[in-house]
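Results of the structural survey
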Amino acid sequence: MNLIDVKNLLFKYKMYSGEKEEVIEHTAIDNISLSIKKGDFVGILGHNGSGKSTLAKQLAALLKPSGGIIYVGGMDTAKEEQILDIRKTTGLVFQNPDNQLIGNIVEEDVAFGPENMGIPAEEIEMRITKALASTGMTAYREASPGALSGGQKQKIAISGVLAMEPECIIFDEPTAMIDPESRKELLEAIYDLKRLKNITVIYITHFLQEVSQADYLYVMSHGKITLKGTPETLFKIPEKLVENNLELPFEVALIDDLRKKSVDVPEEIYTKQQLLEFLKYHFQKDKSDNIVLSEYKSERKTISESSKCNVKSQAKENSRYGNSMEKQSDSHSISVDDRNEKLADNSLGDLNLADETEVSKKSHELDEAEVSKKSHELKETSDIKEDAFKNIDEPKETESTKGITLKNISYQYKKQDSGEEKYAIKDISLAIEPGEFVAIIGRTGSGKSTLIQHFNGLFQPKSGDYFFNGENIWEKKYDLKKLRQKVALCFQYPEYQLFEENVLKDIAFGPKNLGFDKKECEEKARHAMQLAGLSNELEKVSPFSLSGGQKRRVALAGILAMEPEYLILDEPVAGMDAPGKKILFDLLHHLNKERGITIVLVSHNMDDVADHADRVLVMENGQLKMDGKTEEVFVRKDELTEMGLGVPQAVEFYLDLKEILEETDIDLDNAFSHDMQYNQKNLEVSQKTLELSQQNVEINQKETKEKGTEMHEKKIEASNEKAKEYIKTKRTKNVGIPLNIDELAAYIAGGSL
């Protein structure tokens, strides 16, 4: 029996183009039909602007069709007299929880729906308790919704709908602002609604991973249904999902990548468990044939090419300042550039540094004891699991005069119900230097948003000091306006920062407040639009008529127009589809690498953090628990899991596979040690390169001293320092665990499968 029937649904709405108030009619839903059985779990997927949220409002009788018909429990959503009964039958959890929170305290808000349905007080009490327990918000029963974080508000909104116990619940991207552990708990609770109570669930999302256990899926694009079928059916056609601008589930993307790397994964495999079993079988087969996975030819090639690139890059740095390093008349002479080019062209497997005789004729003999010492030092650094991240719990030094420096910062707020003061953040010390790309992670309510609002002076700490470029910002003479021009904050819901009548005016508002004239403001606004990937055609369009992703880019453009040095973003890609995320992250990397803008990203998505951040700060209960390089932090799975965070899916899969293979007595230290071995070989090559470069520097220092070119000596010294920094970076960069799908697929495909 169908609970919902949709036949030839059409919905159009009007858009206003700003100053001229031109009316444009837009078709949001274009002649779609679907059926949903009672008790089914149905996923509706699509990119931003595909019509998903509009369809959700239609099913909940919040909008009336422009054409076609919708039946919910046999009732017509177009008939006014049936709307109340339809809304009792179908509950809707909005994408933005602030749109449906109305109570002074959480308990009142959750009770609002059942009270309006005429449920007895005793039963309402029981429903409140059960609903809050389902979302993990029992401890906040007496709290004010306004004092909660974005993720906590979303849980309260979901609790309010759960308390109404409708026959059907529509979830419109409910996990967008929730941490990984809470997301897992919430999804289990939602699936339990179907399993235990036979409630029909319609789940709208960008994330295919979240609907992998659904009964049926519909994919929307530009108001139409473009794909439909079971998860098993759709997950086996990844190319079609990508064509519809969807981000593939991790295991589907991994399988697709493995097939592209010539790993013959059977067509019937599409889940994580199936893939693990398949790999277990093949690794066992390889073991029986005395084949181990240390012979990773493709990985060797990748690292070899990477090493060549790095060495050539270093050679370029050395030769940039070495115009006086011309080839000598002696036929045995060789320049730094020539020597490094030859080194780059040697394979890693045959570490034979060419022309040793020629090098020695112009260079001093290497001190064998020193080489032995350095080799021992490199061997020590290879034991990454023990040494590379042992001190990441300790706050980084905060003595730098450049950038953001917090010293023992604490902030408290008063609970509205009791007046009791509670720490939002406590005794935090850290330094963020110019040019970094830093991510801040932590569970909902861990203090992330409070912390970043200190960065541009929105919050004043109760204790501790904040220095920006060496100046204490809370001294009376400090100009906070100057700070906020340099340190810009993009809020959790950036669309809340939009208020002007058209896009161009909204983006130009910041420069206008900084005192620029109209022409300069518009120039800066147009340049910011270009950076944010916004078409000039949107200049006169009202920002409120744009899609969610476009609104976020307009808000970001408004910040970029002020030309900040530090860009702080609180969950900037929440609710964005795959193309929108790519555009934003490409922009952030451009700003970071090409313009030197420091990026601080708050995120609940561990995969995004692993892919983009160089450094990770981990918050828990208002305290800074970890501060280290991305690789160093994510290798600590157990500790992160205890904090309710988890690790990137590639790390999770790697560790699961490692455990399975260890159970079958396959030595993964050999099987997956190629990365450590080749990284070590890479370090040895790099160290040898540095030693040769230093010898050449000594030669050229002698030459330049004779010429009396003091400036040239300084440039050579600078080049030498860069070489040392390169080696230092290489020693700590890779911790031997894949952080993303590309790395994981390379490890597996490079073996004997």
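Calculation notes
Residues numbered from 1 in each chain as written. Predicted model: local features only at pLDDT ≥ 70, side-chain atom pairs only at ≥ 80, totals over all residues. Heavy atoms only, no water. Phe/Tyr/Trp six-rings, centres within 6.5 Å; stacked < 30°, edge-to-face > 60°. Lys NZ or Arg CZ within 6 Å of the ring centre and 35° of its normal. Buried < 20%, exposed > 50% of the residue type's maximum accessible area, 1.4 Å probe, protein only. Helix = DSSP H or I, 4+ residues; strand = E, 2+ residues; numbered from the N terminus. Pairing = 2+ DSSP bridges. Axes fitted to C-alpha atoms, helices over the stretch in contact; angles between N-to-C directions. Contact = heavy atoms within 4.5 Å. Core = buried A, V, L, I, M, F, W, Y, C linked by side-chain atoms within 4.5 Å. Parallel < 35°, antiparallel > 145°, perpendicular 65-115°, else oblique. Left-handed = near helix turned anticlockwise from the far one by under 90°. Nonpolar A, V, L, I, M, F, W, Y, C, P; charged D, E, K, R; others polar. pLDDT = per-residue confidence, 0-100.

1. Focus on the packing of aromatic side chains
Tallying each qualifying case throughout the model produces 10 aromatic pairs. Between the aromatic rings of Y216 and Y218, the centroid separation amounts to 5.3 Å while the plane-to-plane angle is 65°, which identifies the pairing as edge-to-face. Through pairs of rings, three or more aromatic residues link up here, namely F41, F171, Y191 and Y203. Sitting over the face of the ring of Y423, K426 holds its NZ or CZ atom 5.0 Å from the ring centroid. The ring centre of F516 lies 4.5 Å from the NZ or CZ of K524, which sits over that ring.

2. Thoughts on the pairing of strand β13 (residues 437–442)
Successive residues of a regular strand alternate their side chains across the two faces of the sheet. Among the six residues that make up β13, six are buried, leaving the element largely enclosed by the rest of the structure. Alternating positions in β13 separate into two faces, F437, A439 and I441 on one and V438, I440 and G442 on the other, with burial throughout. Relative to strand β18 (residues 598–602), β13 runs parallel, the two being bridged by four bridges. Bridged to I440 within β18 is V602. Sheet topology note: the β13/strand β19 (residues 615–620) ladder contains five bridges and is parallel. Within β19, the residue paired with A439 across the bridge is V616.

3. Some thoughts on the sheet that holds β19
As summarised here, the arrangement of the six strands in space is β16-β17-β18-β13-β19-β20, forming an open sheet in which the pairing is mixed. Strand pairing shows two members of the sheet lacking a second neighbour, β16 (487–490) and β20 (623–629), which therefore form its edges. Strand-to-strand twist in this sheet, taken as the mean axis angle between neighbours without regard to direction, amounts to 15°. Contacts from helix α20 (residues 548–560) reach β16 and β17 (566–570) within the one sheet, and its direction differs from that of β17 by about 155°. Along the sheet face, helix α21 (residues 578–594) touches β13, β17 and β18 and points at about 145° away from the line of β18.

4. A few points about the nonpolar core
Generally speaking, soluble globular proteins have nonpolar side chains that are buried together. Membership of the largest hydrophobic core comes to 77 residues, with the highest contact counts inside it found for L258, L275, I507, L567, V618 and F653. A total of seven residues in this core trace back to one element, the largest contributor, which is helix α25 (residues 649–663). With residues near it in sequence (within four places) discarded, L258 still touches V263, V265, L275, A745, I748 and A749.

5. Some thoughts on the packing of helix α3 (residues 106–116) against helix α4 (residues 121–134)
Two elements in contact, α3 and α4, have axes whose closest approach is 10 Å; the angle formed by their N-to-C orientations is 120°. One element, α3, and the other, α4, form an angle in the oblique class. In terms of crossing hand, the pair formed by α3 and α4 is right-handed. Residue-level contacts link V106, E107, V110, A111, P114 and E115 of α3 to I124, E125, I128, A131 and L132 of α4. Partitioned by chemical class, the residues of the contact of α3 with α4 number eight nonpolar, no polar and three charged.

6. Section: the confidence of the model for the protein chain
For the protein chain, the mean per-residue pLDDT works out to 78, and 73% of the residues sit at or above 70. Predicted confidence in the protein chain is weakest over helix α12 (residues 336–345), with a mean pLDDT of 35, and strongest over strand β10 (residues 224–229), with 97. The model gives residues 290–390 a pLDDT under 50, and that stretch makes 150 contacts with residues more than four places away or in other chains. Within the model, pLDDT remains below 50 along residues 722–735, and this stretch shows 33 contacts once partners closer than five positions in the same chain are excluded.

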